[in-house]
Protein chains: 2
Amino acid sequence: MEPQRRPGGRSARVREAVLDATTAELAEHGYQGLTVDAVAQRAGVHKTTVYRRWRSPEGLVADALDLAAGRSWAIPDTGTLTGDLRALTELVRTGFTDPESGPVATAFVTAGLQHPAAAEALRTFYAARHAEAAVIVDRAIARGELGQEVAGTEVVRFAVAPLFHRLFVTHEPVTTAHAHQAADAAITLARAGLLTGEQAP
Amino acid sequence: MEPQRRPGGRSARVREAVLDATTAELAEHGYQGLTVDAVAQRAGVHKTTVYRRWRSPEGLVADALDLAAGRSWAIPDTGTLTGDLRALTELVRTGFTDPESGPVATAFVTAGLQHPAAAEALRTFYAARHAEAAVIVDRAIARGELGQEVAGTEVVRFAVAPLFHRLFVTHEPVTTAHAHQAADAAITLARAGLLTGEQAP
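Residues numbered from 1 in each chain as written. Chains lettered and ligands numbered in written order. Predicted model: local features only at pLDDT ≥ 70, side-chain atom pairs only at ≥ 80, totals over all residues. Heavy atoms only, no water.

Observations regarding the overall build of chain A
A count of helical and extended segments in chain A gives ten helices and zero strands. Going from the N terminus to the C terminus, chain A shows its helices and strands as α-α-α-α-α-α-α-α-α-α. C-alpha atoms of chain A, sized along the principal axes, occupy 55 × 40 × 35 Å. Taking all 201 residues of chain A together, the buried fraction comes to 52%. For chain A, long-range pairs separated by at least 24 residues make up 65% of all intrachain contacts whose partners lie at least 6 apart in sequence. In the form shown here, chain A has an accessible surface area of approximately 9,100 Å², with 53% of it arising from carbon and sulfur atoms. Looking at chain A, you have 20 positive and 23 negative side-chain charges, and the mean spots of the two groups are 6 Å apart. (Helix = DSSP H or I, 4+ residues; strand = E, 2+ residues; numbered from the N terminus. Buried < 20%, exposed > 50% of the residue type's maximum accessible area, 1.4 Å probe, protein only. Contact = heavy atoms within 4.5 Å. Areas by Shrake-Rupley, 256 points an atom, 1.4 Å probe, with all protein chains shown as cover. Lys, Arg positive; Asp, Glu negative; His and termini not counted. Charge placed at Lys NZ, Arg CZ, Asp CG, Glu CD.)

Regarding helix H9 (residues 152-170) of chain A
All names here are of chain A. Between the first and last C-alpha of H9 there are 27 Å, a value that for 19 residues agrees with the 27 Å anticipated at 1.5 Å per step. Along its length, H9 reaches its greatest deviation from straightness, about 35 degrees, at Ala-161, and the proline Pro-162 lies no more than four positions downstream. Most of H9 sits out of view: 18 of its 19 residues are buried. Directly after H9, the chain includes His-171, whose backbone phi takes a positive value near 55 degrees. (Expected span 1.5 Å × (residues − 1). Bend = angle between axes of the 7 residues up to and from the residue.)

Some words on the interface of chain A and chain B
At the interface, 41 residues of chain A touch 41 residues of chain B. Here chain A meets chain B over a buried area of about 3,800 Å², counting both sides, of which 66% is carbon and sulfur. It is Leu113(A), His171(A) and Gln181(A) in chain A that bury the most area against chain B; as a group they hold 17% of the surface buried on that side. Close ionic contact of Glu172(A) with Arg157(B) constitutes a salt bridge, the shortest N to O distance being 2.6 Å. Of all the elements in the fold, those that place two or more residues in the side of chain A that touches chain B are helix H6 (101-114), helix H7 (116-133), H9 and helix H10 (176-191) of chain A. The element contributing the most residues to the side of chain A that touches chain B is H9(A), with twelve residues. Grouping the constituent residues of the side of chain A that touches chain B by class yields 20 nonpolar, 14 polar and seven charged. (Buried area = accessible area lost by both parts, 1.4 Å probe. Salt bridge = Lys/Arg side-chain N within 4 Å of Asp/Glu carboxyl O. Nonpolar A, V, L, I, M, F, W, Y, C, P; charged D, E, K, R; others polar.)

Let's talk about the domain arrangement of chain A
Often, the extent of an interface is quoted as the loss of accessible area upon association of its parts. Residues and elements named next belong to chain A. Once the domains are mapped, chain A shows domain 1 (9-57) and domain 2 (81-191). Distance from the C-alpha centre of domain 1 to the C-alpha centre of domain 2: 28 Å. Across the contact, five residues belong to domain 1 and nine residues belong to domain 2. With both chains or domains summed, domain 1 and domain 2 bury close to 530 Å², and 76% of this area falls on carbon and sulfur atoms. Broken down residue by residue, the surface that domain 1 buries against domain 2 is led by Leu-26, Ala-27 and Tyr-31, which jointly contribute 83%. The interface formed by domain 1 and domain 2 holds zero salt bridges in total. Taken together, domain 1 and domain 2 are joined by one residue pair in polar contact (both at pLDDT 80 or more). Grouping the constituent residues of the side of domain 1 that touches domain 2 by class yields three nonpolar, two polar and no charged. (Domains from an automatic or database assignment. Polar contact = N/O pair within 3.5 Å; in protein donor to acceptor, adjacent residues only side chain to side chain.)

Focus on the packing of H7(A) against helix H8 (residues 135-142) of chain A
Residue and element names in this part refer to chain A. Following both chains from N to C, one finds H7 and H8 inclined at 20 degrees, their axes separated by 4 Å at the closest point. Judged by the angle between their axes, H7 and H8 are roughly parallel. Where H7 approaches H8, its residues Ala-131, Glu-132 and Ala-133 are matched on the opposing element by Val-135, Ile-136 and Val-137. Split by residue class, the contact of H7 with H8 holds five nonpolar, no polar and one charged. (Axes fitted to C-alpha atoms, helices over the stretch in contact; angles between N-to-C directions. Parallel < 35°, antiparallel > 145°, perpendicular 65-115°, else oblique.)

Regarding the relation of the copies chain A and chain B
With an RMSD of 0.0 Å, the fit of chain A onto chain B corresponds to turning through 180 degrees and sliding 0.0 Å along the axis. These values place the two chain copies in the arrangement generated by a two-fold rotation axis. Ranked by how close their C-alpha atoms come to the rotation axis, the residues of chain A are headed by Ala161(A), at 2.8 Å. With an isologous cut-off of 70% or more, the 100% of interface residues of chain A that recur at the interface of chain B puts this contact in the isologous class. (Least-squares fit on C-alpha atoms with pLDDT ≥ 70 in both.)

Comments concerning unusual backbone geometry
Backbone geometry at Arg55(A) places phi at a positive 70 degrees, although glycine is not the residue there. Relative accessible area serves as the criterion here: at 65%, Arg55(A) is assigned to the exposed category.

Notes on the nonpolar core
Within the largest apolar cluster, 90 residues are counted, with the highest numbers of intra-cluster contacts made by Val18(A), Val61(A), Phe96(A), Val18(B), Val61(B) and Phe96(B). Discounting residues that sit within four places of it in the chain, Val18(A) has contacts with Val39(A), Ala43(A), Val45(A), Val50(A), Trp54(A) and Leu60(A). Judged by nonpolar contacts, the second largest core, of 46 residues, contains Val150(A), Leu81(B), Leu146(B) and Ala185(B). (Core = buried A, V, L, I, M, F, W, Y, C linked by side-chain atoms within 4.5 Å.)

Concerning the packing of aromatic side chains
How two aromatic rings sit relative to each other is set out by the distance from centre to centre and by the angle between their planes. Evaluated as defined, the whole model comprises ten aromatic pairs over all chains. Taken together, the ring pairs in this structure connect Phe96(A), Phe125(A), Tyr126(A), Phe164(A) and Phe168(A) into an aromatic cluster. (Phe/Tyr/Trp six-rings, centres within 6.5 Å; stacked < 30°, edge-to-face > 60°.)

Looking at the packing of H7(A) against H9(A)
Residue and element names in this part refer to chain A. At a closest axis distance of 8 Å, the pairing of H7 and H9 adopts a crossing angle of 120 degrees. For the crossing formed where H7 meets H9, the hand is right-handed. Taken together, the residues of H9 that come into contact with H7 (itself represented by Tyr-126, His-130, Ala-131 and Ala-133) are Thr-153, Val-156, Arg-157 and Phe-164. Tallied by class, the residues present in the contact of H7 with H9 amount to five nonpolar, two polar and one charged. (Left-handed = near helix turned anticlockwise from the far one by under 90°.)

Shown next, in the form of structure tokens:
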């Protein structure tokens, strides 16, 4: 049996190999340890190819985020707003604290603080993630759990923000109880009419 | 007239000079551009002194945060909970978006993502800041604006978290309207009974 080929031809296969190698290097060495040479070697691609197409570690990170933004995410569907949003915040929590995925996710956030291209890629990545997760709110509106005026992406932002704050700013522990508290808080705010759309400047 | 001497003797003066130089270097070059040599030169201190006492850029950042944690912060006192908390979140917003203080504050957060010593220093720094800002909630409880059961540090965390999330994770703009929304949200959560103390694990 032939090994399964990813679709998209040689260029797409090179891209996947290089970006998978980028992710593996980030997991092992973090953003500050990411080099184009190590990524090329791990991907089995000549380093001039990688330099020509991605130029730098931040170029690799930005493209890895673009690729990730295009992949869909398994949004919880438990039948209730509280169940869905608590499962979502718990997914975020475990994604960042898991020994395998955590360092990669942290490396992406770190890169965003150091390079405009990575920051822009993160902005796009999270816009895609929030839009996808907003289906939780759409379903709750359809079930009559929330009013039509509630903005789904705002609920998602407020549900995850307290976790990111503890993880990446204050470096406080984040437990399942914190994930549930943040989800419940976002629902309370949505019902109180505070999450109805983007803020005017 | 003699120039004013900071208290604490020569060792304390060297520390202040070195940490002031650290802050100035962070403002100009960010965390990734911070070197012990440049700090020593700017402070007018021999570089072996700096290496011996602080060892590395993360050592400098950690000590600069320790020094900052000991300095008190001008907590708003407007006479109302909404006034105080909106002023506080606006202070956080302008502190991070100001062209002078913003890069330094961002450099501290970036360092925390890359080095355990900086992360630990940030944890201590924010614990001190949150405890200080909690006086806003104590005053509101005394005025009867909030119940006795509300935990001040939790209100502060929830008031600032949405701003940090936009600034450092999603790289979305943060306006005064966002600062006010986040403050109002924390008050709503406090009144709904969601911010009564640390979460059990």
